[in-house]
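Read off the chains here:
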Amino acid sequence: MRVPTCTVQATPVAGGIAIGRVMRIHGEVRPVHQVTIDPADIPAELERFHAALDLTRDQLQKLQNKLREKLHDSEAGIFDAHLLLVEDKTMTMEVERGISEELVDAETAVFRAVDKFAAAFSAVEDVYLRERAGDIRDVGQRIADNLSSAGVQEFAYDEPRIVIAATLTPSETVGMDREKVLGFAVETGSATSHTAILARSLQLPAVVGLSRELLDSLTVADKIIVDGFSGKVIVNPDPGTEEAYRVKKREADDIFRQLRGESELHAVTTDGFVIEIVANVEAQEDYSEIRKNGANGIGLFRTEFLFMDDRHLPDEDEQFEIYKKLMISAGNDPVTIRTMDIGGDKLNSGIVRTEEQNPFLGLRGIRLCLRERRDLFETQLRALMRAGVHGNMQIMLPMISCMDELLETKKIIAGLKVELTVRGVPFADSIPLGVMIETPSAAMTADRFALEADFFSIGSNDLIQYTIAADRSNERVAHLYRPGHPAILRLIRFTVEEALKQNIPVAVCGQIAEDTLMIPFLVGLGVNELSMSPVAMPLIKKLIRSLSMHECGELAAKAMQCDNSGDVMELSRDMIRRCAPELLDF
Ligand code: PEP
Ligand code: MG
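To start, this report covers the structure provided alongside it. (Residues numbered from 1 in each chain as written. Chains lettered and ligands numbered in written order. Predicted model: local features only at pLDDT ≥ 70, side-chain atom pairs only at ≥ 80, totals over all residues. Heavy atoms only, no water.)

### What about the site of ligand 1?
Line of reasoning, step 1. If you check the shell around ligand 1, you find 16 residues, and the closest are Arg302, Arg338, Gly459, Asn461 and Arg472.
Line of reasoning, step 2. Within the side chain of Arg472, one N or O atom sits 2.7 Å away from an oxygen atom of ligand 1.
Line of reasoning, step 3. Protein chains bury 100% of the 290 Å² of accessible surface belonging to ligand 1 in isolation.
Line of reasoning, step 4. Put simply, the parts of the chain that give the shell around ligand 1 at least two residues each are strand S11 (298-302) and helix H18 (460-468).
Line of reasoning, step 5. Taken together, the residues of the shell around ligand 1 break down into three nonpolar, five polar and eight charged. (Near = heavy atom within 4 Å. Polar contact = N/O pair within 3.5 Å; in protein donor to acceptor, adjacent residues only side chain to side chain. Areas by Shrake-Rupley, 256 points an atom, 1.4 Å probe, with all protein chains shown as cover. Helix = DSSP H or I, 4+ residues; strand = E, 2+ residues; numbered from the N terminus. Nonpolar A, V, L, I, M, F, W, Y, C, P; charged D, E, K, R; others polar.)

What follows is the structure, encoded as structure tokens:
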């Protein structure tokens, strides 16, 4: 039965409009009715189970191959464990036993087997092994989906679909076939969660905060509209509404096409202030494509995504090849590579084996590198220093909260230089070393850091969460997680002022760098560089070309005296309404 027509409000996290039928993926194991069977049905049930198992194996292999084409081999290894489970005889025998001895249908037997094995894994101490319970549930769900007549069989549809899910991990998002997916509507997450970041780099409209009730009631027969600009989700729209959204989508596509045609133009304000526009990259993307969107370099390469497969960590040579390829493809354009920011929500149980109560406040980023995984840190730094000879590289450190972390890293780099020299290995001798300003302590001591760092890059996604004390991926505090909070503007102002005194550049590489309403403030506060997902560049460049630096400065000064972010955003909305009304809705 189809869900009645309705409109719900979710949170927009990636712009654009998607219209299509839904495809449910992943999700936790759904409760199923326990279905008993007649002994005469045993052979048919066994056959159904094996057919679903074969289909599952096939899908996993295809997914793995797709990942291999798109990314580095190590990411494709994500599905190794799933394939192993499909091949696992103990698991298969347990399902067969359920069907033949307990006389239940294949779905029930699969879920019983999954529960049994997952429970055993969940009970062990070791974090790595405990996480295998998740793999077992994933595979079980996939087999069950393939058993059901309205089964998921993702990517097997003849038409592209909108993915709906309770949660979507970064690796699942990156593994999706861009041709078969129109957009995402997910229950959990936020604009700065890493899945949303990936949706933007795949240029797919996305919303989060979809209610569990709606999520559970949607079936493959339901059509939805995802408005990634406003956050609206319209279920089974009437023909008039659907047509109105098709028109809106065409208009948005036209504007984007037109903007892309101007992407070569520089981001220079009406009074001549130039802002560098560079790209955020999450995987090994094609730099020439990024450049076509208007990038003049890479402002943030989130290298931790190379370390997300807990069964394979890229060694020094593998990393060297990846960084070298990127450097060569970027030519003379600057490439800022961030050392691995493992921790928080980006976990790898092969690297971090201790579970923390507050991982975002735990041993994350530079802390982990210096205290527990100096081996991995040194390997990465060595690979970077070697690749640095092939282009214009900068190295950036994440999660810096005190000066000691920067000084200790400098000592490590000095030691590695000696080591590489002794070994006769060529390396770049003077790669600029910058710090991310993403903790309030780093921002408030920017005057000291400016004496030691070669550049700053403001990681607003984290700076906001740590300043306002609102978890960036928790939708329950999303109402507090406000980029326009005057405290954030004041921290940015202080950071920029102190950098200017020492003549070092300041970039912003968090989500606010592509938030139209935040742009007037960033321009007004004197930020030199904005790093964002490539898809956002043409729009942001156009907006900057419509603004006056002088007026933005006055606006920022006013905003810092506001009591709340609502008033701050209203100031910005007024300015954009005056200077670039056609961009207000994006
Ligand atoms: C940030 O915190 O703003 C940032 C750019 O890094 P990440 O989103 O990867 O934490
Ligand atoms: Mg960060």
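### Some remarks on the coordination of the magnesium ion (ligand 2)
Line of reasoning, step 1. For the magnesium ion (ligand 2), the full set of protein donor atoms is Glu438 (OE) and Asp462 (OD), and the range of their distances to it is 2.0 to 2.1 Å. Here Glu438, found in the loop between strand S14 (433-437) and helix H16 (440-444), pairs with Asp462, found in helix H18; they are 24 residues apart in sequence, far enough to count as distant. (Donors = N, O, S within 2.8 Å, 3.2 Å for Na, K, Ca; no water.)

### Considering the pattern of salt bridges
Line of reasoning, step 1. Taken as a whole and judged by the stated rule, the model has 42 salt bridges.
Line of reasoning, step 2. The shortest N-O distance in the salt bridge between Lys116 and Glu94 comes to 3.4 Å. Of the two residues, Lys116 is situated in helix H5 (residues 106-122) and Glu94 in helix H4 (residues 89-101); the sequence distance between them amounts to 22 residues.
Line of reasoning, step 3. Here Arg246 makes a salt bridge to Glu242, at a shortest N to O gap of 2.7 Å. With Arg246 and Glu242 both in helix H10 (residues 239-261), this residue pair falls four residues apart, about one helical turn.
Line of reasoning, step 4. Among the charged side chains, a network of salt bridges with common partners joins Glu316, Asp317, Glu378, Arg382, Arg386, Glu419 and Arg423. (Salt bridge = Lys/Arg side-chain N within 4 Å of Asp/Glu carboxyl O.)

### Some points on H10
Line of reasoning, step 1. For H10, built from 23 residues, the straight-helix expectation of 33 Å at 1.5 Å per residue is met to within 8% by its first-to-last C-alpha distance of 33 Å.
Line of reasoning, step 2. Along H10, the residues that are buried comprise Glu242, Tyr245, Ala252 and Leu259.
Line of reasoning, step 3. Close packing links the buried residues of H10 with strand S3 (17-24), strand S7 (223-227), strand S8 (232-235) and helix H21 (537-545).
Line of reasoning, step 4. Two to three positions downstream of the cap, the backbone nitrogen of Gly240 sits 3.1 Å from a side-chain oxygen, assigning the N-cap of H10 to Asp238. (Expected span 1.5 Å × (residues − 1). Buried < 20%, exposed > 50% of the residue type's maximum accessible area, 1.4 Å probe, protein only. Contact = heavy atoms within 4.5 Å.)

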